[in-house]
Amino acid sequence: MARDLAIDLGTANTLVYMKGRGIVLNEPSVIAVNRQSGEVLATGHEAWDMIGRTPSYIVAVRPLRGGAITDFDITERMIRLLLQRVGVSRFTRPKVVICVPSAITEVERRAVTDATRRAGASDAQLIEQPMAAAIGANLPIDEPVGNMVIDIGGGTTETAVISLGGVVALEAIRVGSFDIDAAIQNYVRREHGVAIGERTAEEIKIQIGSAEPGPDDRSADIRGRDLVTGLPKTVRLTAEEVRFAIDEPVAAMVLSVKRCLAKAPPELAQDFLARGMYLVGGGGMLRGLAQRIQRETQVPVKMSPQPLEAVVLGAGHCIENYQALRGMFMGARR
Amino acid sequence: MIAMSFITSFFTFMAVVSGGTLLVLVYLDNRKSRIDDGIAQFRRHIDALSPEARRNSVHHNNSDDRWSR
């Protein structure tokens, strides 16, 4: 008998929660495929190490962009491999709850459930990421008070107001931490005439990226390819430059939070001032982002102790209480 | 003949009234149990989201205490 699973199929990372066991897998959502034979060569960390460094016959890709499946076939194969790795076989077909962005379209929703069923699940249910994040972040969503959660992932930023176990207001945009990486890549190309890869851009973001000026602002030397000579080149990038480069996606995230605050009923809005908003997701770990949201909204922002795991823990709780929480799944409310 | 006709009509009337009353009672009972089901289902839903219910799934993966309310 297979143990039921919850999967956070994120643009950046995929996490799997097994009923009764907790988180059993956490790795990048990357798959490396042989372009000629179609054979899967690596997944997860191993495939991530290959990004931008593969020979022409290998392609290392992220099958999800902006929280949506861009390659149905590769996503299905990735889910199948994930299920195999956690012990699902042809004869053991578990129930699976998958976390998806709330702004997902009907077609995308069907693509995810179909891919999961074909990969070996007996039943596939979807749950909105902000709702799962609120459960996993341990917010008191069982009470009649306003809980606001901001989930910044690789491809999406979702803000939700939750009370009494349901979503009251929701705002989602397809801008996430990968857009911050892309903004850094574009800036370095435009201002310094150097091409850098997405992994380098991510490293710059982690090392010196910030949304607000701070005491630990630093500079970093980055290496890339000179666009004129084609030779390797090192340039120095300051924290202020990076802040300028990423301002557009960061401003879009802050605006999305403001729009959600504007949608919230007044009775709940006063709760936010007293209780604050909660930031989850890997994108929320950008230095100074919580402070920037707090400055622009005048509402306190608190960081989740486990920003990367909150969503899958929430979905895991739903799989542990499958019958009682069936009403939370996306199909059940439409 | 008139008496027979009256008795038949009376019993027919009584049968219709009894049947109608029975149907109304069955409908009201169903409606009440539907309302009770809704309440019970909502209660189960909320209880499943309580901190106590989340202790096993979320807390054993998260050593930090529930955030300040």
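Residues numbered from 1 in each chain as written. Chains lettered and ligands numbered in written order. Predicted model: local features only at pLDDT ≥ 70, side-chain atom pairs only at ≥ 80, totals over all residues. Heavy atoms only, no water.

Trainee: Describe in detail the domain arrangement of chain A, supporting the description with residues and values.
Mentor: All names here are of chain A. Domain assignment breaks chain A into domain 1 (5–131 + 311–333), domain 2 (141–175 + 248–305) and domain 3 (177–245). The gap between the C-alpha centroids of domain 2 and domain 3 is 28 Å. Tallying the contact residues gives 15 residues for domain 2 and 15 residues for domain 3. Contact between domain 2 and domain 3 buries roughly 1200 Å² in total, counting both sides, with carbon and sulfur atoms accounting for 56%. Ranking the residues of domain 2 by area buried against domain 3 places G154, L286 and R287 at the top, with a combined share of 50%. Between domain 2 and domain 3 we count two salt bridges in total. At the boundary of domain 2 and domain 3, one finds eight residue pairs in polar contact (both at pLDDT 80 or more). The dominant element in the side of domain 2 that touches domain 3, judged by the number of residues it contributes, is helix 10 (residues 289–297), at four residues. (Domains from an automatic or database assignment. Contact = heavy atoms within 4.5 Å. Buried area = accessible area lost by both parts, 1.4 Å probe. Salt bridge = Lys/Arg side-chain N within 4 Å of Asp/Glu carboxyl O. Polar contact = N/O pair within 3.5 Å; in protein donor to acceptor, adjacent residues only side chain to side chain. Helix = DSSP H or I, 4+ residues; strand = E, 2+ residues; numbered from the N terminus.)

Trainee: Give a description of the sheet that holds strand 5 (residues 40–43) of chain A that names residues and reports values.
Mentor: All names here are of chain A. Read across the sheet, three strands follow the order 5-4-6 without closing on themselves; strand pairing throughout is antiparallel. The sheet is open, and its two borders are formed by strand 5 and strand 6 (58–61), each paired with just one other strand. Taking each pair of neighbouring strands and ignoring which way they run, the sheet shows an average axis angle of 15 degrees. Alignment of strand 4 (residues 31–34) against strand 6, held across four bridges, turns out to be antiparallel. Across the sheet, the residue bridging to N34 is I58, located in strand 6. (Pairing = 2+ DSSP bridges. Axes fitted to C-alpha atoms, helices over the stretch in contact; angles between N-to-C directions.)

Trainee: Quick rundown of the interface of chain B and chain A? Include the residues and the values.
Mentor: Counting from both sides, the interface comprises 21 residues of chain B and, opposite them, 30 residues of chain A. Connecting chain B to chain A are one salt bridge. With its nearest N and O atoms 4.0 Å apart, the salt bridge here joins D142 of chain A to R54 of chain B. Counting the contacts that link chain B with chain A gives four residue pairs in polar contact (both at pLDDT 80 or more). Where the side of chain B that touches chain A is concerned, the elements lending two or more residues are helix 1 (2–48) and helix 2 (51–57) of chain B. Tallying contributions element by element places helix 1 of chain B first for the side of chain B that touches chain A, with five residues. Within the side of chain B that touches chain A, the residues separate by chemical class into eight nonpolar, eight polar and five charged. (Nonpolar A, V, L, I, M, F, W, Y, C, P; charged D, E, K, R; others polar.)

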